[in-house]
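Listed below, chain by chain, are the residues.
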Amino acid sequence: MTVQRFCQHLAALLPHLDPALRLEVVAVELALFFGVEEHEVAYFKIDSAGRMATFCWPPPQFGQLGNIPLKSLTTSLLAATAREKKGFCNNAFAATPHLHMFERMLADTEQRVTVQKIISVPLLQGDQAKGVLQVSRKGADLASAGTDFSATDLQKLEAIAQTLAPITLT
């Protein structure tokens, strides 16, 4: 399926769903589109001041994780995506300093595998980031995580984010 058709599919599907189900449906759909598992899709909601992010998907094991300060996390991919309002592709993510929250806070222990490769894009409303969407490939090492993400994969996720941004995901 082309990214244009996928975006049309999401735009037609999501407004008719109960808002409480939208994140799960987005995760399922993105996982299928990018050939990853649902727990390899992440969504962070950014507060209206652009100072804090809340981890919303996958559902954390212990309920709400609280807020993640974006200003103090200078090496964070999440913070960079929200702050710079642009997408990033990192095929050596495990070697990059990060919070490891994505790997450690999942409901199922078997899903707590190292994120090796990741694409990250902002969900923009005007000139403000209202969320960050990430798709990753996990594995014990780079080879077991599968193929690298490409610049085309990043462009596809950016197009999908443009479709998702006007739709309230949480």
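Coordinates for the structure precede this section.
The following refers to the structure shown. (Residues numbered from 1 in each chain as written. Predicted model: local features only at pLDDT ≥ 70, side-chain atom pairs only at ≥ 80, totals over all residues. Heavy atoms only, no water.)

1. Structural notes on the packing of aromatic side chains
- Applying the stated criterion across every chain yields a total of 3 aromatic pairs.
- An angle of 25° between the planes, with centres 4.3 Å apart, marks the rings of Phe 6 and Phe 33 as stacked. Placement of Phe 6 in helix H1 (residues 3–13) and of Phe 33 in helix H2 (residues 19–34) is noted, with a sequence separation of 27 residues between them.
- Note on Phe 6: relative accessible area 3%, which makes it buried. (Phe/Tyr/Trp six-rings, centres within 6.5 Å; stacked < 30°, edge-to-face > 60°. Helix = DSSP H or I, 4+ residues; strand = E, 2+ residues; numbered from the N terminus. Buried < 20%, exposed > 50% of the residue type's maximum accessible area, 1.4 Å probe, protein only.)

2. What about the sheet that holds strand E5 (residues 115–125)?
- Ordered by their spatial adjacency, 6 strands build an open sheet running E3-E2-E1-E6-E5-E4, and the pairing between neighbours is antiparallel. A strand with exactly one partner marks an edge of an open sheet, and here the two such strands are strand E3 (67–69) and strand E4 (88–90). Looking at each pair of strands side by side, their axes are set apart by 25° on average, direction ignored.
- This element, helix H3 (residues 77–84), spans strand E1 (41–46), strand E2 (52–57), E3, E4, E5 and strand E6 (128–138) of the sheet and lies at about 140° to E6. (Pairing = 2+ DSSP bridges. Axes fitted to C-alpha atoms, helices over the stretch in contact; angles between N-to-C directions. Contact = heavy atoms within 4.5 Å.)

3. Quick look at the pairing of E1
- With 5 of its 6 residues buried, E1 lies for the most part within the structure.
- Between E1 and E2, which follow one another and run antiparallel, lie 5 residues, and Gly 50 among them has a positive phi close to 75°.

4. Observations concerning unusual backbone geometry
- Along the chain, Trp 57 connects to Pro 58 via a cis peptide bond; the corresponding omega equals -5°.
- Residue position: Pro 58 is located in the loop between E2 and E3.

5. Overview of the layout of surface pockets
- In this structure, the largest pocket encloses a volume near 180 Å³.
- Every element with two or more residues in the lining of the largest pocket is listed here: H3 and E6.
- The leading source of residues in the lining of the largest pocket is H3, at 3 residues. (1 Å grid on protein atoms, 1.4 Å probe; cavity = no way out; pocket = protein on both sides within 12 Å on 5 of 7 lines; lining within 4 Å. Points joined across faces, edges and corners; volume = space filled by probe spheres on them.)

6. Overview of a positive patch on the surface
- On the surface, a cluster of positive charge is made up of Arg 51, Lys 71, Arg 83 and Lys 85.
- Structurally, Arg 83 can be placed in helix H3.
- The class for Arg 83 is partly exposed, based on a relative accessible area of 43%. (Patch = residues over 30% accessible without salt bridge, like charges linked within 9 Å, V, L, I, M, F, W, Y side chains within 5 Å. Areas by Shrake-Rupley, 256 points an atom, 1.4 Å probe, with all protein chains shown as cover. Salt bridge = Lys/Arg side-chain N within 4 Å of Asp/Glu carboxyl O. Lys, Arg positive; Asp, Glu negative; His and termini not counted. Charge placed at Lys NZ, Arg CZ, Asp CG, Glu CD.)

7. Details of the pattern of salt bridges
- What the rule picks out here adds up to 1 salt bridge.
- A salt bridge links Lys 117 to Asp 148, with the shortest nitrogen-to-oxygen separation between them at 2.8 Å. Of this pair, Lys 117 sits in strand E5 while Asp 148 is found in the loop between E6 and helix H5 (151–164), placing the two residues 31 residues apart along the sequence.
- Overall, the relative accessible area of 3% leaves Lys 117 in the buried class.

8. Notes on the packing of H2 against H5
- Running from amino to carboxyl end, H2 crosses H5 at an angle of 155°, the nearest separation of the two axes being 12 Å. Taken together, the axis directions place H2 and H5 in an arrangement best described as roughly antiparallel. Our pair here, H2 against H5, has a crossing hand that is right-handed. The residues of H5 that touch H2, namely those facing Val 26, Leu 30, Phe 33 and Phe 34, are Asp 153, Lys 156, Leu 157, Ile 160 and Leu 164.
- Taken together, the residues of the contact of H2 with H5 sort by class into 7 nonpolar, no polar and 2 charged. (Parallel < 35°, antiparallel > 145°, perpendicular 65-115°, else oblique. Left-handed = near helix turned anticlockwise from the far one by under 90°. Nonpolar A, V, L, I, M, F, W, Y, C, P; charged D, E, K, R; others polar.)

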